[in-house]
Amino acid sequence: MSLLIAEDLALGYDGRIIVDHLNFHIESGDYLCVVGENGSGKTTLMKTILGLRSPLSGKIITGGGLKQTEIGYLPQQTQIQRDFPASVREVVLSGCLGKMGMRPFYRREDKKKAGENLAKMGLTSLSKRCYRELSGGQQQRVLLARALCAAQKMLLLDEPVSGLDPKATEEMYELIAALNREGITIMMISHDIDAALTYGSHILHIADSVFFGSKEEYLHSGAALTLREGGANR
Amino acid sequence: MIEKLILYFQYPFVCYALIVGILIALCSSLLGVTLVLKRFSFIGDGLSHVAFGALAIATVMNLTNQMPLVLAITVICAILLLRTGQDTKIKGDAAIAMVSVGSLAVGYLLMNIFSKSSNLSGDVCSTLFGSTSILTLTPLTVALCAALSVIVVIIFVLFYHKIFAVTFDEDFATATGVKANAYNLLIAVIIAVIIVLAMNLVGSLLISALVIFPALSAMRLFKSFKAVTFCSAVLSVISAFVGIVVSIIAGTPVGSTIVGVDMLAFALCYLIGTVPRNA
């Protein structure tokens, strides 16, 4: 069953179109990697799916009992967060806020869920530490735990390994793959085409001509080659 | 010295000043952390100048109770400034600079043209720096200040977690269904209320100090949002109390004395913060 279908999307801002005629669908349990050059509209696509901005035309349909606000999101880090005084637990708990409505305080279930997700990400011992003092890889795991508090079915990851060292990168990919094996649908933006082909089940390649299909189809198309060459030139 | 204090506290207006001062200090410190972290430190400054302009208008109109009008104008400007913070031609900081300098100029101009007072520079000076105005508060203003302060504290406590989320990561909050824009609006309105309140205490030029210093001091010492917020509230209340008492004993202007104590507290926190902890 499709969790999310994009129908003839056109994305951009200030009336300028960046990507046109974007069609793809994500099935439950998929691991979709979105690849493409800088500025090709990957992050814009992600923000559109999350409802942070509206598409110029076309639409996004969610299905399979998934609401738009139930998609977990791992954003790229912002400047503000680098000197933010917040404990790991506070950050992870804030993932539960979306479902609170007007209720002002966290319930016991929220705290329990935050604790479980902290444990899942191996952060229990760090829960009282200050977020800004953690390593890059630990910070990403905190944000992943927060995303898991907001969503059970689907995660959107925007460059989850940017700025991480090779070991932390490997750990992050393994963690995401493990979540995917548990049945969480993943959509990941990545520069790293090798990782996309290692871990992804489907590829969405945004370029002048958009490719969408399974990994195997992608490998047999010409699209993979152009990105690799493009990547080598950069 | 003690006798002097006891003598002073027998006068109701001194007690009013102390009550109002402490309430205002508590409120103004609460949102300081959010403002500093959102890089909005200057919104407080801009809005306080707007409040000055509004006060000039109220003075010219000969209103007996100026606070409602000042409050209304400042809240509207806060909302407008926050709106322009998002996608517009004039960027946030430029808009703040424009509004703040503009209203300062218009305020002074109005006071100059229409003022019937013989001591114009004294009036302007006390609006800008607060000087003795806190000791001349009427019971009505005290009641209004107290009520607004209590409302601000209640709203802050009720929306504390949402304010945290919107400050830490607005995009994530919006994406997971938190109405970030509504909360940004709420933050703007609360700031405006706080600034109008604080104007009675320290005057419009020194308000930012009341908002920013306790937050910055607390951020030197603590590492979780809750601890920082709590610490900045406590620091702010203590500084206000010490500042008012010192100003009574030494006969110094209330506003600048409180800000001076805030600065001392910051210096102290900074020093403590540099000592490495074995944790």
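In this text the structure is predicted, and so the values were computed from the model without any measurement.

## Observations concerning the overall build of chain B
- From N to C terminus, chain B includes 14 helices and zero strands.
- Here chain B has a C-alpha radius of gyration of 19 Å; the compact-globule value for 279 residues is 19 Å, and the two agree.
- Taken along the three principal axes of its C-alpha coordinates, chain B extends 55 × 50 × 30 Å.
- Expressed as a percentage of its 279 residues, the buried residues of chain B come to 50%.

## Describing the overall build of chain A
- From N to C terminus, chain A includes nine helices and nine strands.
- Taking 17 Å as the expected radius of gyration for a compact globule of 234 residues, we find that chain A reaches 18 Å, a close match to that expectation.
- If one aligns the C-alpha atoms of chain A with their principal axes, the spans along those axes are about 50 × 40 × 35 Å.
- Across the 234 residues in chain A, those meeting the buried criterion constitute 41%.
- The long-range fraction of contacts in chain A, counting pairs at least 24 apart against all pairs at least 6 apart in sequence, stands at 69%.

## Thoughts on the sheet that holds strand E4 (residues 57–62) of chain A
Residue and element names in this part refer to chain A.
- Spatially, E2-E1-E4 is the arrangement adopted by the three strands of the open sheet, whose pairing is antiparallel. Edge positions in the open sheet fall to strand E2 (16–27) and E4, since each of these has one partner strand only. For this sheet, the mean angle separating the axes of adjacent strands, direction not counted, is 15°.
- Two strands pair when backbone bridges link them, and strand E1 (residues 2–13) and E2 are joined in this way by eight bridges, in the antiparallel orientation. The partner of serine 2 across the bridge, within E2, is glutamate 27.
- Along the sheet, helix H1 (residues 42–49) makes contact with E1, E2 and E4, crossing E1 at roughly 125°.

## Focus: the confidence of the model for chain B
Residue and element names in this part refer to chain B.
- Here chain B averages 83 in pLDDT, and 91% of its residues register 70 or above.
- For chain B, the element scoring lowest by mean pLDDT is helix H7 (residues 120–129), at 73; helix H13 (residues 225–250) scores highest, at 91.
- For this predicted complex, the interface confidence reaches an ipTM of 0.83, while the overall pTM sits at 0.84.

## Structural notes on the pairing of strand E6 (residues 154–158) of chain A
Residue and element names in this part refer to chain A.
- Buried residues dominate E6, accounting for five of its five residues.
- Pairing of E6 with strand E7 (residues 185–189) involves five bridges; the strand directions are parallel. Bridging from a neighbouring strand, leucine 156 pairs with methionine 187 of E7.
- Crossover connection from E6 via helix H6 (residues 166–181) to parallel E7: handedness right-handed.

## Brief notes about the interface of chain B and chain A
- Across the contact, 25 residues belong to chain B and 24 residues belong to chain A.
- A class-by-class count of the residues in the side of chain B that touches chain A yields 14 nonpolar, five polar and six charged.

## Comments concerning the environment of alanine 168 of chain A
Residue and element names in this part refer to chain A.
- Take alanine 168: it is sitting in helix H6.
- When the C-alpha atoms of alanine 168 and glycine 137 are compared, they prove to be 5.4 Å apart, with 31 residues separating the residues in sequence.
- The residues contacting alanine 168, other than those within four sequence positions of it, are Gly136 and Gly137.

## Focus on the domain arrangement of chain A
All names here are of chain A.
- Along its sequence, chain A is organised into domain 1 (1–66 + 154–169 + 185–234) and domain 2 (79–152).
- Between domain 1 and domain 2, the C-alpha centre-to-centre distance is 26 Å.
- Across the boundary between the two partners, domain 1 contributes six residues, which contact five residues of domain 2.
- Along the lines of polarity and charge, the residues of the side of domain 1 that touches domain 2 split into five nonpolar, one polar and no charged.

## A few points about H6 of chain A
All names here are of chain A.
- The terminal C-alpha atoms of H6, which comprises 16 residues, lie 23 Å apart, in line with the 22 Å expected from a rise of 1.5 Å per residue.
- Those residues of H6 that sit buried are Met172, Ile176 and Leu179. What you see down the axis of H6 is that its buried residues fit within an arc of 55°, all on one side. Every exposed residue of H6 that faces more than 90 degrees away from the buried side is listed here: Pro166, Lys167, Glu174, Ala178 and Arg181.

## Points about the packing of helix H12 (residues 207–221) of chain B against H13 of chain B
Residue and element names in this part refer to chain B.
- Put simply, H12 and H13 touch, their axes get as near as 8 Å, and they point 130° apart. Put simply, H12 runs oblique to H13. The two elements H12 and H13 cross, and the hand of that crossing is right-handed. Contacts between H12 and H13 involve Pro214, Ala215, Ser217, Ala218, Met219 and Leu221 on the former and, on the latter, Val228, Cys231, Ser232, Leu235 and Ser236.
- Class assignment of the residues belonging to the contact of H12 with H13 gives a composition of eight nonpolar, three polar and no charged.

## Considerations on the sheet that holds strand E3 (residues 31–36) of chain A
Residues and elements named next belong to chain A.
- In spatial order, the strands read E5-E6-E7-E3-E8-E9; together these six strands make up an open sheet with mixed pairing. Two strands in the sheet have a free side with no partner beyond their single neighbour: strand E5 (71–74) and strand E9 (211–214). Pairwise comparison of adjacent strand axes, ignoring direction, gives a mean angle of 15° for this sheet.
- The sheet contacts of H6 involve E3, E6 and E7, and relative to E7 the element is tilted by about 150°.

## Overview of the environment of glycine 32 of chain B
- Topologically, glycine 32 of chain B is positioned in helix H3 (residues 32–37).
- Here the alpha-carbon distance between glycine 32 of chain B and leucine 210 of chain B, two residues 178 residues apart in the chain, equals 8.4 Å.

The rules behind each value
Residues numbered from 1 in each chain as written. Chains lettered and ligands numbered in written order. Predicted model: local features only at pLDDT ≥ 70, side-chain atom pairs only at ≥ 80, totals over all residues. Helix = DSSP H or I, 4+ residues; strand = E, 2+ residues; numbered from the N terminus. Rg over C-alpha atoms; globule rule 2.2 N^0.38 Å. Buried ≥ 20, exposed ≤ 12 C-beta atoms within 10 Å, placed from the backbone. Contact = placed C-beta atoms within 7 Å. Pairing = 2+ DSSP bridges. Axes fitted to C-alpha atoms, helices over the stretch in contact; angles between N-to-C directions. pLDDT = per-residue confidence, 0-100. Right-handed = clockwise from strand over helix to strand, strands pointing away. Nonpolar A, V, L, I, M, F, W, Y, C, P; charged D, E, K, R; others polar. Domains from an automatic or database assignment. Expected span 1.5 Å × (residues − 1). Arc of directions from axis to C-beta. Parallel < 35°, antiparallel > 145°, perpendicular 65-115°, else oblique. Left-handed = near helix turned anticlockwise from the far one by under 90°.

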